[in-house]
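# Architecture and fold: a report
Chain by chain, the residues:
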Amino acid sequence: MPAEKLHIKNMVCRRCVMTVEDLCRELGIQAAVSLGSVDFNVMPDVRVMDAFFNRLRAVGFEPLKSHEHVMLENIKAAIRYYARHNTVDEKDRLSDYIARTIPLDFRYVSRMFSSLEGRTVQSYLMSQRIEYVKELLFDDELTLAEIADKVGFSSVAHLSRAFKKSQGMTISEFRDTGSRSAIDEI
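With that settled, the discussion passes to the state of the cysteines. Per the stated rule, a full pass over the model turns up zero disulfides. Not engaged in a disulfide, the cysteine Cys-13 finds its nearest cysteine sulfur in Cys-16; these two sulfurs lie 3.5 Å apart.

Time to look at the packing of helix α6 (residues 121–139) against helix α7 (residues 144–151). Two elements in contact, α6 and α7, have axes whose closest approach is 10 Å; the angle formed by their N-to-C orientations is 145°. The way α6 lies across α7 gives a crossing that is right-handed. When α6 is examined against α7, the residues Arg-129, Tyr-132, Val-133, Leu-136 and Leu-137 are found in contact with a partner set consisting of Leu-144, Ile-147, Lys-150 and Val-151. Split by residue class, the contact of α6 with α7 holds seven nonpolar, no polar and two charged.

Let us now look at the nonpolar core. Grouped together as the largest cluster of nonpolar side chains are 18 residues, with contacts concentrated most on Ile-8, Met-11, Val-20, Val-38, Phe-52 and Leu-56. Among the elements of the structure, β1 (4–9), α1 (14–27), β3 (37–40) and α2 (46–58) are those that each provide at least two residues to this core. Setting aside its immediate chain neighbours within four residues, Phe-52 contacts Leu-6, Val-20, Leu-23, Cys-24, Leu-27, Ile-29, Val-38 and Phe-40. The next biggest cluster of nonpolar side chains, apart from the first, holds 17 residues, and it includes Met-71, Ile-79, Leu-94 and Val-109.

Next up on the list: the pairing of β3. Taking every second residue as pointing to the same face, both faces of β3 are buried, with Ser-37 and Asp-39 on one and Val-38 and Phe-40 on the other. Here β1 runs beside β3; their pairing, made up of four bridges, is antiparallel. Considered in β3, the bridge of Leu-6 is made with Val-38. Note: strand β2 (residues 31–34) against β3, four bridges, orientation antiparallel. Note on β3: the bridge partner recorded for Ala-32 is Asp-39. Linking β2 back to β3 in an antiparallel pair, the connection comprises two residues, with Gly-36 at a positive phi of about 90°.

Conventions we followed
- Residues numbered from 1 in each chain as written.
- Predicted model: local features only at pLDDT ≥ 70, side-chain atom pairs only at ≥ 80, totals over all residues.
- Heavy atoms only, no water.
- Disulfide = S-S within 2.5 Å.
- Axes fitted to C-alpha atoms, helices over the stretch in contact; angles between N-to-C directions.
- Helix = DSSP H or I, 4+ residues; strand = E, 2+ residues; numbered from the N terminus.
- Left-handed = near helix turned anticlockwise from the far one by under 90°.
- Contact = heavy atoms within 4.5 Å.
- Nonpolar A, V, L, I, M, F, W, Y, C, P; charged D, E, K, R; others polar.
- Core = buried A, V, L, I, M, F, W, Y, C linked by side-chain atoms within 4.5 Å.
- Buried < 20%, exposed > 50% of the residue type's maximum accessible area, 1.4 Å probe, protein only.
- Pairing = 2+ DSSP bridges.

Written out as structure tokens, the structure is:
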């Protein structure tokens with residue numbers, strides 16, 4: 001059984017896990033690292049923990065302290081998953097998905113998210129969907145109609161309007177000059 005679990009903000013991929021594993025190894029910390037958390041086998045002393053926290057921050061991670069911030073990261077992870085895996089055909093509403101994934105009432109989750117994040121769950125979902133669209137545009141393997149369907153937009157026109165509103169440019173302009181954002185910066 002781990003001595004303590006530390007939740008870490010901005011761990012969004014397998015490379016993030018490997019980076020934190022490397023930090024633990026370099027500092028002699030015995031821990032199991034998974035997406036968004038570190039389970040310490042033996043709690044390091046204060047000096048080592050300070051160095052660990054400083055190294056985490058230096059590479060763009062942030063140790064989470066409160067239960068609410070841990071819950072916020074869990075909600076964000078659920079929304080990121082939903083944005084990439086829920087198509088129009090599935091017709092699974094975000095509120096239903098969150099209610100199944102996070103064992104709390106969606107209204108509570110929504111209010112907590114807005115107060116901590118400074119934006120709504122829906123606006124965060126839209127930013128995740130648009131970032132996924134940008135990724136698919138860079139891959140250049142799908143038509144706009146296929147991208148719209150894959151990302152959960154009802155039509156190319158709906159996708160185009162949402163993209164223009166979010167990015168301040170059309171999809172064509174983005175293809176000529178745009179760039180993607182890191183997922184933890186969205």
